[in-house]
Structure formats: C-alpha cells, structure tokens
Amino acid sequence: MRCLLVSDIHGNLAAFDAVLRDAGQFDVIWCLGDMVGYGPDPNECVTRLREYPHVCLAGNHDWAVLGKLDIHTFNSDARAANQWTQSVITTAVQAYLQSLTPQRVERGYTLVHGSPRQPVWEYILDPLTAELNFPLITTRVCLVGHTHVPVCFYMPEDNDDHLCEPRSPRYDQPISLTSGRWIINPGSVGQPRDGNPNAAYAILDPEVATLEHRRAEYPIEVTQQKMRAAKLPRRLIERLAIGH
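Residues numbered from 1 in each chain as written. Predicted model: local features only at pLDDT ≥ 70, side-chain atom pairs only at ≥ 80, totals over all residues. Heavy atoms only, no water.

(A) Seen up close, the overall build of the chain. Per the secondary structure count, the chain includes 8 helices and 12 strands. A compact globule built from 244 residues would reach a C-alpha radius of gyration of about 18 Å, and the chain, at 17 Å, matches this within 12%. If you line up the chain on its principal axes, its C-alpha atoms span 55 × 35 × 30 Å. Taken across its 244 residues, the chain has 59% of its residues classed as buried. Taking all contacts inside the chain whose residues are at least 6 apart in sequence as the whole, residues at least 24 apart take part in 71%. Carbon and sulfur atoms form 48% of the exposed surface of the chain, whose accessible area is close to 10200 Å². Distance from the positive charge centre (22 side chains) to the negative charge centre (28 side chains) of the chain: 6 Å. (Helix = DSSP H or I, 4+ residues; strand = E, 2+ residues; numbered from the N terminus. Rg over C-alpha atoms; globule rule 2.2 N^0.38 Å. Buried < 20%, exposed > 50% of the residue type's maximum accessible area, 1.4 Å probe, protein only. Contact = heavy atoms within 4.5 Å. Areas by Shrake-Rupley, 256 points an atom, 1.4 Å probe, with all protein chains shown as cover. Lys, Arg positive; Asp, Glu negative; His and termini not counted. Charge placed at Lys NZ, Arg CZ, Asp CG, Glu CD.)

Quick look at the structure:
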C-alpha cells in the first residue's frame, strides 16, 4: 500500500497540486489537519482532497474557522487570514470540516494534528515534548503535523531512560519503522517553516512500515498573487518565499 502523507496544506492549492504530481501513484491520502487558514484557496484544497480516497484530521485553523476555537487566541496575521477564510468558505466545505476529528488510529498508526496530549494545540518540536507524549501512544508510530517542520523522534526498544533521538529527514531515502517507536512529522505542504520553501510531504507504506520524506517545488508566486488579490497579510505572503 502506498500512502501520501500530508499536513498543513493551509489553502495553498499550487503547493498541494505540486505534491500530488510529484508523489506519483498512491492508494490513499492521509492528511494530518489544517486544510484551511493562511492561504487563498481553502475551498479548492478541500475539493481537491475529496477527489481521492483519503483520511483527514481537523487542525487548529480548521477549528478556528468553524468557531470551535477562540479566533482571538491566534496572532494577528493568522486571525486576519482565518476571518477572511470564514467569509469565503462554502457551506459544503464547512460541513466537511465539521465532520473531522483531530485524532484517530488508522491501520495501526496513530494520526494526530498536534500531539496525543493536546491533539489540537501542542507543538512537538523538541525531544522532551516528544518523550512526554510517547507514553500516551498505543501504536509503534505516531504521525503528527502542526509545527510545519519535518522531523522524526525515535525511541529505541527497551529504553529505561525514556529518552528519544531527534532525527532530521533524509529526503528520498526510505527509512524502516519496524524497530523502536516513532513520532514523525512530514512537514507542511502549504507553509513550510524549516527554511526550505518547497512543499514538504512523505510517502508511507503502512504495511511494510517504511517512510520517505520528500519535497516538491511549486510556483510560489501563483499563491502569492492570489493572496495579494485577497488582501491577506503581507507577512504571510512574503514568508512563503523563504520557508519560514
């Protein structure tokens, strides 16, 4: 089975389409949340996702657009983008987002937007936060999004100290997930924040337990032009070009 693993598309259709082309053939998409927010194509991204067999989680921006989170807890740029998204989102897309949950188990893999401790809000950016979440994971592998940074946290077998190792992605090189335990973030399709502006994603084979991090170039200026036309915050537009 070949699974396209994506997260944090954030209404960036140009980036999402580039990933779909770059990925080649796959059987299903697993999306770890935040389909909307920040970007100019929220309806189009959800519609594109629904053209494929898929599983999708709810993210914090999805919930903010639905009014499930207080929009004033977001920074001013994110708040402005979410308010714009609320003004353009269709009834059908709103109903779809309402149907999503932020956490589930699929084919023996834990899928969560933020973390097992706080499925919507917590960022797993460092080994300590990962270590605090491992006891809550009942599967060998937990797939997370939210941070927009691709990374792996590996917990060896029989680790009495409960210490995990952060591992940077090795692009286009499959890794085996058959030993130890893992928390893995594929990075963000629509707004990377690791200094690389190319869309981030991964290819997972859940049956043989291998995962491959990947990047795809996309026409950033197309998304930026749409954002300018929508009068979205300048900082959100500019940061796409630097991946931060």
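(B) Quick look at helix 4 (residues 76-88). In this model, helix 4 (13 residues) spans 19 Å end to end at C-alpha, consistent with the 18 Å of a helix rising 1.5 Å per residue. Those residues of helix 4 lying buried are Asp77, Ala78, Ala81, Asn82, Trp84 and Thr85. On an axial view of helix 4, the arc spanned by its buried residues comes to 160 degrees, and they lie on one face. Looking at the buried side of helix 4, the elements it contacts are helix 2 (42-49), helix 3 (60-66) and helix 8 (234-239). Taking the backbone nitrogen of Asp77 as reference, a side-chain oxygen 3.1 Å away marks Asn75 as the first, capping residue of helix 4. (Expected span 1.5 Å × (residues − 1). Arc of directions from axis to C-beta. Polar contact = N/O pair within 3.5 Å; in protein donor to acceptor, adjacent residues only side chain to side chain.)

(C) A look at the pairing of strand 7 (residues 151-155). Of all the 5 residues making up strand 7, 5 are buried; the element is thus mostly covered by neighbouring parts of the structure. Burial along strand 7 is two-sided: the residues Val151, Phe153 and Met155 and Cys152 and Tyr154 are all buried. Where strand 7 meets strand 10 (residues 181-185), 5 bridges bridge the pair, whose relative direction is antiparallel. In the strand pairing of strand 10, Met155 is matched with Arg181. (Pairing = 2+ DSSP bridges.)

(D) Up close: helix 1 (residues 13-23). Burial analysis of helix 1 places 9 of its 11 residues in the buried class, the great majority of the element. Every buried residue of helix 1 is accounted for by Leu13, Ala14, Ala15, Phe16, Asp17, Ala18, Val19, Leu20 and Ala23. As for helix 1, its buried residues are in contact with strand 1 (3-6), strand 2 (28-31), helix 2, strand 11 (199-205), strand 12 (210-216) and helix 7 (220-229). At the C-terminal side of helix 1, Gly24 shows a positive phi close to 75 degrees.

(E) The packing of helix 2 against helix 5 (residues 91-98), seen in detail. At a closest axis distance of 10 Å, the pairing of helix 2 and helix 5 adopts a crossing angle of 60 degrees. Comparing the axis directions of helix 2 and helix 5 gives the class oblique. The hand of the helix 2/helix 5 crossing is left-handed. Counting all contacts with helix 2, which are made through Asn43, Val46 and Leu49, the residues of helix 5 involved are Val93, Tyr96 and Leu97. Residue composition of the contact of helix 2 with helix 5, grouped by class: 5 nonpolar, 1 polar and no charged. (Axes fitted to C-alpha atoms, helices over the stretch in contact; angles between N-to-C directions. Parallel < 35°, antiparallel > 145°, perpendicular 65-115°, else oblique. Left-handed = near helix turned anticlockwise from the far one by under 90°. Nonpolar A, V, L, I, M, F, W, Y, C, P; charged D, E, K, R; others polar.)

(F) Region of interest: the pattern of salt bridges. Scanning all chains against the criterion turns up 12 salt bridges. Between Arg48 and Asp17 there is a salt bridge; the shortest N-O distance is 2.7 Å. Remark: Asp17 occurs in helix 1 and Arg48 occurs in helix 2; sequence separation between them is 31 residues. Residue class for Asp17 comes out buried when judged on its relative accessible area of 18%. A single salt-bridge network, built from bridges that share partners, covers Asp17, Arg48 and Glu51. (Salt bridge = Lys/Arg side-chain N within 4 Å of Asp/Glu carboxyl O.)

(G) Quick look at the sheet that holds strand 10. Within the open sheet, the 6 strands sit side by side as 4-5-6-10-7-8. Their pairing is mixed. Either end of the sheet is taken by a strand with one partner, and the two such strands are strand 4 (103-106) and strand 8 (165-167). On average, adjacent strands in this sheet sit at an angle of 20 degrees to one another, irrespective of strand direction.

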